[in-house]
Amino acid sequence: MAIFHDLSDLSSVFNDQDYTVTQVGAAPLQGNKFVILLHGRRQAPEDIYEIGRRIDLDNITYLLPSAPGKTWYPSGFQRELEQNQPHVDRALVYVKRLVRYLLERDVPANNIWLMGFSQGACIGSQYLFSSRDKLGGALLFTGGLFGPEVNLASSESNCLAKMPILLTGSTTDSWVPEARVRDTACLFRKLGASVQEEIFSERDHLVSEQEIDIARDWLTATQVA
């Protein structure tokens, strides 16, 4: 008999005035991967879930949080972090609540994944850096850490030991520079993560089919090298 994680109170627990969350995809069976999918600027939940549709796996349960006004933060992510506060901190608290919600319902940490595009990938990156939560993996399409620069002199740690993290970008993306993707990848390696970075030549600000293929392969694999 199939055993489910009980997420029936999801809407009531996260019935915030500004933030909402929607569950889509597979029923929350034990053994599924649970993906917190973070949208880009001005994207509705149904827009960002197009990534899930393209990945097309039948054992993934998606949680789709939505920020106020479909925007996680108001200014460019490479500005001083204070210019995007308190929006960034509120977003990180909300993601933390979603992770804790799943853990409290007996979803193993290694079955919880973060996925995001653009603003969502930036929030996902910042969450991993600030929380140091080792999850099953992260698929961060065209994003990176906040601030004018990434402090690569940060002390090394093993808090994300072997956590698989995919970071992608483009040589021509005007929103997220290639250098920021690479610096973010470098910092996560310092924290012990197993990082793959993919920089595409002249790719528009979108999630390409190659990125979808990589995501599908990672989510399908029992263990990502």
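Residues numbered from 1 in each chain as written. Predicted model: local features only at pLDDT ≥ 70, side-chain atom pairs only at ≥ 80, totals over all residues. Heavy atoms only, no water.

Trainee: How would you summarise the overall build of the protein chain if you had to cite specific residues and measurements?
Mentor: When you go through the protein chain residue by residue, the secondary structure sums to 6 helices and 7 strands. Its helices and strands in sequence order give the protein chain the pattern α-β-β-α-β-α-β-α-β-β-α-β-α, from N to C terminus. Its C-alpha atoms give the protein chain a radius of gyration of 16 Å, within 12% of the compact-globule value 17 Å for 225 residues. C-alpha atoms of the protein chain, sized along the principal axes, occupy 50 × 40 × 35 Å. Every one of the 225 residues in the protein chain was classed for burial, and the buried ones make up 52%. (Helix = DSSP H or I, 4+ residues; strand = E, 2+ residues; numbered from the N terminus. Rg over C-alpha atoms; globule rule 2.2 N^0.38 Å. Buried < 20%, exposed > 50% of the residue type's maximum accessible area, 1.4 Å probe, protein only.)

Trainee: Quick one: what's the story with the side chain of Ser118, residue by residue and with numbers?
Mentor: By the element assignment, Ser118 lies in the loop between β4 (112–117) and α4 (119–131). Judged by relative accessible area, Ser118 falls into the buried class, the value being 11%. In this view, Ser118 contacts Gly40, Phe141, Thr142, Gly143 and His205; residues no more than four positions away in its chain are not counted. (Contact = heavy atoms within 4.5 Å.)

Trainee: Go over the side chain of Thr142, please, and point to the residues and values.
Mentor: Within the element layout of this structure, Thr142 appears in the loop between β5 (137–141) and β6 (164–170). Given a relative accessible area of 0%, Thr142 falls into the buried group. A distance of 2.9 Å separates the side chain of Thr142 from the side chain of Arg203, its partner in a polar contact. Beyond its immediate stretch of four places on either side in the chain, Thr142 contacts Phe117, Ser118, Ala121, Thr168, Gly169, Asp173, Val176, Arg203, His205, Leu206 and Glu211. (Polar contact = N/O pair within 3.5 Å; in protein donor to acceptor, adjacent residues only side chain to side chain.)

Trainee: Give me the lowdown on the pairing of strand β7 (residues 194–200), citing residues and values where you can.
Mentor: Here 7 bridges tie β6 to β7, and the two strands are oriented parallel to one another. Within the sheet, the bridge partner assigned to Thr168 lies in β7 and is Glu198. Crossover handedness for the path β6 to helix α5 (residues 178–190) to β7: right-handed. (Pairing = 2+ DSSP bridges. Right-handed = clockwise from strand over helix to strand, strands pointing away.)

Trainee: So what about helix α3 (residues 87–104)? Which residues, and what values?
Mentor: Every α-helical turn comprises 3.6 residues, leaving residues that sit three or four positions apart pointing alike. Over its 18 residues, α3 extends 26 Å from the first C-alpha to the last, a length consistent with the 26 Å expected when each residue adds 1.5 Å. Taken residue by residue, α3 has Val88, Ala91, Leu92, Tyr94, Val95, Leu98, Val99, Tyr101 and Leu102 as its buried positions. Those residues of α3 that are buried lie in contact with α1 (10–13), β1 (20–25), β2 (33–38), β3 (60–66), β4 and α4. Looking one or two residues beyond α3, the residue adopting positive phi is Asp106, at roughly 70°. (Expected span 1.5 Å × (residues − 1).)

Trainee: Break down unusual backbone geometry for me, citing the residues and quoting the values.
Mentor: For the bond running from Gln85 to Pro86, omega is 5°, close enough to zero to count as cis. Examined against the element boundaries, Pro86 turns out to sit in the loop between β3 and α3. For Asp106, which is not glycine, the phi dihedral falls at a positive 70°. Although it is not a glycine, Ser118 sits at a positive phi angle of roughly 60°.

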